[in-house]
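Take a look at the letters that make up each chain.
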Amino acid sequence: MATQATGADPATPQDAAMAQDATAPRTPGTGRARTSAKGEQTRARLIAAARILLAGGEAGRFTTRNVAALSGVSHGMCHYHFADRTDLIVAVVADIRPEWITPLEEAVAGPGGYAERAERVLTLLTRPESPDLARLHAALHWLALNDERVRVALEAEYGRWRSCFVRLFRALVDERGGDTDPAPLGEAFAAAVDGIAAIGSLDGTVDGTRVLRTLLDSLASTVGPRH
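Before going into details, it helps to say that this report is about the structure given with it. Computed from a prediction, not measured in an experiment: that's the story for all the values here.

About the criteria used
Residues numbered from 1 in each chain as written. Predicted model: local features only at pLDDT ≥ 70, side-chain atom pairs only at ≥ 80, totals over all residues. Heavy atoms only, no water. Salt bridge = Lys/Arg side-chain N within 4 Å of Asp/Glu carboxyl O. Helix = DSSP H or I, 4+ residues; strand = E, 2+ residues; numbered from the N terminus. Buried < 20%, exposed > 50% of the residue type's maximum accessible area, 1.4 Å probe, protein only. Core = buried A, V, L, I, M, F, W, Y, C linked by side-chain atoms within 4.5 Å. Contact = heavy atoms within 4.5 Å. Axes fitted to C-alpha atoms, helices over the stretch in contact; angles between N-to-C directions. Parallel < 35°, antiparallel > 145°, perpendicular 65-115°, else oblique. Left-handed = near helix turned anticlockwise from the far one by under 90°. Nonpolar A, V, L, I, M, F, W, Y, C, P; charged D, E, K, R; others polar.

Section: the pattern of salt bridges
The final tally for this structure, using the stated rule, is 12 salt bridges. As a salt-bridge pair, R160 and E105 come within 2.6 Å of each other at their nearest N and O atoms. One end of the pair, R160, is in helix α10 (residues 148-176); the other, E105, is in helix α7 (residues 102-109), and 55 residues separate them in sequence. When its relative accessible area of 32% is taken as the criterion, R160 is described as partly exposed.

The structure is reproduced here in structure tokens:
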């Protein structure tokens, strides 16, 4: 549900109507659910435009005014949905979650034992990242250096991403028994994944699949049954 940003009134009669639609209560049988969806569509357009600008290397000149212009929405309506540029960037951080974190969560939570889950995870990790997503991550990292709210949002996403590997090793500990702490194993593997991705972006000769599989097998070998 959109909230009114302080001092950011809708700039045109059309914007005012869209704002009213966005905040209208959803009463069954009145059609308000349909009109309220317009506000969600406007918000989605703004986020999509923000992604285009960030992925295009415009992080240094990223403004709500430029995003509004690209999306065909007035600047006032942009501020109706997002209080400032940071709100918009944080929305982008959340918007890309289904493209890199959710599939990993599903791979770890899926059926089968550790071996099946590990194979699904490796398949995802060795799949080439789309150029746009890679550029988005780079832009968000750059923005996080100078904006604490972006840093906190991005840190939370990476924490969620790393926790997938901890849960993967937790599944192995539960399967084999023992009292091995899966946290350092998962964190170590997450750090390696990040490192391999960085190296691979510069040197295409690195066999990331082989390196990650070797490391995963090595870490897994430290997990044993109780004695």
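Re the nonpolar core
Of all hydrophobic cores here, the largest spans 58 residues; its most connected members are L54, W161 and F189. Examining the composition of this core, we find that 11 residues originate from one element, α10, more than from any other. Those residues in contact with W161, other than ones at most four positions away along the chain, are W100, I101, L104, A190, V193 and D194.

Side note on the environment of I101
Turning to its location among the elements, I101 is positioned in the loop between α6 (97-100) and α7. When the C-alpha atoms of I101 and W161 are compared, they prove to be 5.6 Å apart, with 60 residues separating the residues in sequence. Leave out the neighbours within four places in its chain, and I101 touches E157, R160 and W161.

Points about the packing of α7 against helix α8 (residues 114-125)
Close contact between α7 and α8 brings their axes to 8 Å; oriented N to C, the two are set at 160°. One finds that α7 runs roughly antiparallel with respect to α8. When you trace α7 past α8, the crossing you get is right-handed. Residue-level inspection shows P103, L104, A107 and V108 of α7 in contact with α8, the latter providing R117, R120, V121 and L124. Here the residues of the contact of α7 with α8 sort into six nonpolar, no polar and two charged.

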